[in-house]
Amino acid sequence: MSRFFLSLLFSLSIIAAAHAQEKAPPENYSAPDAQGWRHALSLMGQIRHPKDFKHFDYVNPDAPKGGRVRLATESVFDSFNIVLPKGVPAPGLGTLIYLQLMEPSLDEVSTEYGSIADKVKYPDDFSSVTYHLRSEAKWEDGTQITPEDVIWSFQNVTKLNPTYAFYYANVSKVEKTAEHEVTFTFDKPGNREKPNIIGQLVVLPMHWWEGKDAKGNKRDITQNTLEAPIGSGPYRVKSFDAGRSITYERVKDWWAKDLPVNVGRFNFDEIHFDAYRDDTVQLEAFKSDQFDFRLEISAKNWATAYNFPALQQGKVIKEAFPMNDRGTMQAFVFNLRRERFADARVRRAFNYAFDFEDMNQALFYGQYERINSFFYGTELTSKDLPKGKELEILESVKDDVPKEVFTETYTNPKGGNPKLARENLREAARLFKEAGWDVKNGKLVNTKGETFRVEFLIHTPAMERVILPYKNILDKLGLEVGVRTVDPSQYIERMRNRDFDVTVSGWGQSLSPGNEQREFWGTEAADREGSQNYGGIKNKAVDTLIDRVIFAKDRDELVAATKALDRVLLMNNYVVPQYTAPVYRTARWDRFGRPAKLPSYSYAFPDIWWFDAEKAKKTGAQR
C-alpha cells in the first residue's frame, strides 16, 4: 500500500511495498489490552515493538539535526491541494506537511504504529475500527487535531477524489464516538485489511480550509491553490516557485518530534526540490552538483554515464541497495477498450514479438530480470500447476477462466539468438492469424481490410530505446507502429482519459495484498477516470478472486487466493511483462550520514539520514 494513495503511479520505476517476511520477533506485542486497544496494527499477526518502545530499530536516535538536502523531481507542480485528482501537487507535500493516523514501519511487513492516533481497536469480525487521537496532536498554528478533522478529511477526499472514494468504498459511516475518538463502520465484516488502510488516511486541517486567506477570501477545498497550507508534520513550506522548485524547512518545535515513530527521523533543516522535465538534463545537473541524490532508472546510464571527475575523486558515491521490496509488475499495458486488443491471442502475439533477452544484453548490460508474475519477487508468485487450496479456489471460477490455468504454467517466450527470434516471430504470426489478422501486401489486416495500427504512448525519451527495437520486430509482422512521447502532464491527462493504445506502466505489490487489488484489476475501476486499472480489465473471475483475497480468513488462504489471482491475470495475457532490477541504483554527493543498519524494505533517504558536516567539508559546499 502506498503512503499517499492519491499519487498516480506513472513512473517507470515502481517502488513497491514490502514483500519478504522477516522471522517472527521473540515476543508478539499484537495482543490488545483489557479494553481492546492496540498500540499498533499488523496484517502479519506479529508486531516487533512493545507499547513503550523508544524508537524504530533502524534509526540513529542521536542523529544530528541540521543542513540541507537537495532533491530532483519530475513533478512540475501547480497546486498545494493534495485532494483533487486534477493538477499536480507539490512534491513532498503529502509526507512532509501532513501526517496519517498511523505510521508504517520500514522493517516490518504491513505494520503500523501510532502517529496522530495513539491507539486503535476493532471487533473480532473487523466490522469497524476506532482510533483514539492524541490529546497533544496539534496543527502548526497550535490548534488541536480533532475527530472532526478526521471526519472532514475523510468526507472530502472521498467526495472529491474518485480514487479515494473507491479505496474507502466499504466505509458506510464515520462518526465521533468520544472526545478524542473517531469510529469507521464498514458495510460488511471480514475485511481484515480495513483497519490498516484507514490508518493511512492523511488528515487535513478543517479549520484552515474553511477559513479565509490573507486577502480575506474564503478557501475552497474543491479548487486548486498555491497558498501554502498549514500542516501537522515535521516541515512547513519555506519558499517556492510554482512548477520549478520548493523548499521545506523543519518545524523545530514540532509537537510529534519525540514520538517513537519519529525519533531519529527528519534530520535536515531544509529539504529542497528542483523540477526537471528531462532526465538527461537532470543527470547532467546531478553531475554538476545541482542536487544531492539520484535514483538511477537507466541501466545504460548506470553502466556508462557516471565516469566523471567527482566520482573518481570520491566526492560522489554510487551505491546499489538490495531491492527487498520488489513485488512488482512493470509491463506494456494494452488498452482493452480498443477492439483490436480484445482477443487474448493478439496480446500473446505481442509477447512473442518482445525479445527481452536480446535487449537485456544489447541495451541493459545484463542488469535486468524478466518479470513473470503480477507479484514478482514475492512468495505470492504462482508457480508450477495449481494444487491444494489454490486449486480449490480456482475450481470455484472454472467456467470463467482459460482452461490453461489448470494445465499449464505461465511462461514468457525466450529469445536472445536468431533461431529463437525466428521461432517467436512465426508463433506471433500464427496467433495473429488465428485471431483474424493476416499479412497482405506486407500489411497485417483483418477481414475488413483494416490495417493493424498501434501507438505506444510514453512520457520519457529513455523508453524510446526500448520501444524502437520492439517496433522493428512488429514492423516485420506487418503492423503499423507509432511511438508518441509527450510531457508528463500530457501523459497523465491522456491516461486519465484512457486515450492510448499501449503504454508502459506498473503496479507495486505488498506481501499482504488486499483492497487495492480492486483498484488495479476490478471491473468497477475499469471505466473510472484516474483508476489504476489502466488497461480496463473487466473479468468476472478476477472480481471473484479479488474478493477471496480481501476476505481471506487466514494467511494460508490469502496466499492461495493471491496465487490464483496471479495465475488468471497472467493466462489472460492482459500485459506484456517487462523487466526489473534486483537492486535500487543510487548515486549521491558524499555529504550525508546514515544508521549502521538500514531497514529491510527501504534505503530511506532522506527520511533517516542526516547531514554530515565533516564529509561535506571534503566534498565541497553545495552549489
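The shown structure was predicted, so the numbers you read here are calculated from the model rather than taken from an experiment.

We now examine the packing of helix H11 (residues 388-395) against helix H19 (residues 555-571). Interhelical geometry of H11 versus H19 gives an angle of 55° and a closest axis separation of 8 Å. Our classification of the angle between H11 and H19 gives oblique. Of the two possible hands of crossing, H11 and H19 adopt the one that is right-handed. Contacts between H11 and H19 involve Lys389, Glu390, Ile393 and Leu394 on the former and, on the latter, Glu557, Ala560, Ala561, Lys563, Ala564, Arg567 and Val568. Its residues assigned to classes, the contact of H11 with H19 shows six nonpolar, no polar and five charged.

With the rule as written, the count across this model stands at five cavities of 30 Å³ or more. The computed volume of the second largest cavity comes to approximately 90 Å³. Contributing to the lining of the second largest cavity are Leu43, Arg192, Glu193, Ser512, Pro513, Gly514, Val549, Ile550, Ala552 and Leu558. Tallied by class, residues from the lining of the second largest cavity come to six nonpolar, two polar and two charged.

The next point concerns the packing of helix H18 (residues 540-550) against H19. Following both chains from N to C, one finds H18 and H19 inclined at 160°, their axes separated by 8 Å at the closest point. Considering their axes alone, H18 and H19 lie roughly antiparallel with respect to each other. Crossing angle aside, the handedness with which H18 passes H19 is left-handed. In this structure, H18 contributes Val542, Leu545, Ile546, Arg548 and Val549 to the contact, and H19 contributes Glu557, Leu558, Ala561, Thr562, Ala564, Leu565, Val568 and Leu569. Of the residues assigned to the contact of H18 with H19, the class counts are ten nonpolar, one polar and two charged.

With that settled, the discussion passes to the pattern of salt bridges. Per the stated rule, a full pass over the model turns up 51 salt bridges. In this structure, Arg591 engages Asp289 in a salt bridge whose closest nitrogen and oxygen atoms are separated by 2.7 Å. Of this pair, Arg591 sits in the loop between strand E23 (583-589) and strand E24 (592-593) while Asp289 is found in the loop between helix H6 (279-287) and strand E12 (293-296), placing the two residues 302 residues apart along the sequence. Overall, the relative accessible area of 0% leaves Arg591 in the buried class. Here Asp527 makes a salt bridge to Lys538, at a shortest N to O gap of 2.5 Å. Of this pair, Asp527 sits in the loop between helix H17 (523-526) and H18 while Lys538 sits in the loop between H17 and H18, and the two are eleven residues apart along the sequence.

Looking now at the pairing of strand E20 (residues 502-508). Along a regular strand, successive side chains alternate from one face of the sheet to the other. Most of E20 sits out of view: seven of its seven residues are buried. Neither face of E20 is exposed, since Val502, Val504, Gly506 and Gly508 on one face and Thr503, Ser505 and Trp507 on the opposite face are all buried. Note that strand E14 (residues 328-334) and E20 share seven bridges and pair antiparallel. Residue Ala331 lies in a different strand from E20, and its bridge partner there is Ser505. Pairing of strand E18 (residues 453-458) with E20, which is carried by two bridges, proceeds in the parallel orientation. The residue of E20 that forms the bridge with Phe456 is Val502.

Here we come to H11. Turning to H11, its buried residues number three or more, namely Glu390, Ile393 and Leu394. Down the axis of H11, the buried side of the element spans an arc of 100°, and every buried residue falls inside it. For H11, the secondary structure elements touched by its buried residues are helix H12 (404-407), H18 and H19.

Turning our eyes to something else, we now look at the layout of surface pockets. Volume-wise, the second largest pocket comes out at about 590 Å³. Along the walls of the second largest pocket sit 31 residues, with Ile297, Ser298, Ala299, Tyr368 and Arg585 positioned nearest its centre. Mapped by element, the contributors of at least two residues to the lining of the second largest pocket are H6, E12, helix H7 (299-304), E14, helix H14 (464-476), strand E22 (579-580) and E23. Classifying every residue of the lining of the second largest pocket by side-chain character gives 17 nonpolar, eight polar and six charged.

If you walk across this open sheet you meet the four strands as E5-E6-E8-E7, and the pairing is antiparallel. Two strands in the sheet have a free side with no partner beyond their single neighbour: strand E5 (117-121) and strand E7 (171-178). The mean angle between the axes of side-by-side strands here comes to 20°, regardless of whether they run parallel or antiparallel. As defined by bridge partners, E7 adjoins strand E8 (residues 181-186) across six bridges and the pair is classed as antiparallel. Bridge pairing links Val171 to Phe186 in E8.

What follows concerns the environment of Lys448. By the secondary structure assignment, Lys448 is in the loop between strand E17 (443-445) and E18. When the C-alpha positions of Lys448 and Gly436 are compared, they lie 9.8 Å apart, and in sequence the two are twelve residues distant.

Inspection of the entire model under this criterion finds 52 aromatic pairs. Ring centres of Phe80 and Phe240 lie 4.9 Å apart, and the angle between their planes is 90°; on these two criteria the pair is classed as edge-to-face. Of this pair, Phe80 sits in the loop between strand E2 (68-73) and helix H1 (93-97) while Phe240 sits in strand E9 (residues 235-241); the two residues are 160 residues apart in sequence, bridging distant segments of the chain. Classification of Phe80 by relative accessible area gives buried; the value is 0%. A centroid spacing of 5.2 Å and a plane angle of 70° characterise the contact between Phe354 and Tyr470, whose relative ring orientation is edge-to-face.

So, how was this worked out
Residues numbered from 1 in each chain as written. Predicted model: local features only at pLDDT ≥ 70, side-chain atom pairs only at ≥ 80, totals over all residues. Heavy atoms only, no water. Axes fitted to C-alpha atoms, helices over the stretch in contact; angles between N-to-C directions. Helix = DSSP H or I, 4+ residues; strand = E, 2+ residues; numbered from the N terminus. Parallel < 35°, antiparallel > 145°, perpendicular 65-115°, else oblique. Left-handed = near helix turned anticlockwise from the far one by under 90°. Contact = heavy atoms within 4.5 Å. Nonpolar A, V, L, I, M, F, W, Y, C, P; charged D, E, K, R; others polar. 1 Å grid on protein atoms, 1.4 Å probe; cavity = no way out; pocket = protein on both sides within 12 Å on 5 of 7 lines; lining within 4 Å. Points joined across faces, edges and corners; volume = space filled by probe spheres on them. Salt bridge = Lys/Arg side-chain N within 4 Å of Asp/Glu carboxyl O. Buried < 20%, exposed > 50% of the residue type's maximum accessible area, 1.4 Å probe, protein only. Pairing = 2+ DSSP bridges. Arc of directions from axis to C-beta. Phe/Tyr/Trp six-rings, centres within 6.5 Å; stacked < 30°, edge-to-face > 60°.

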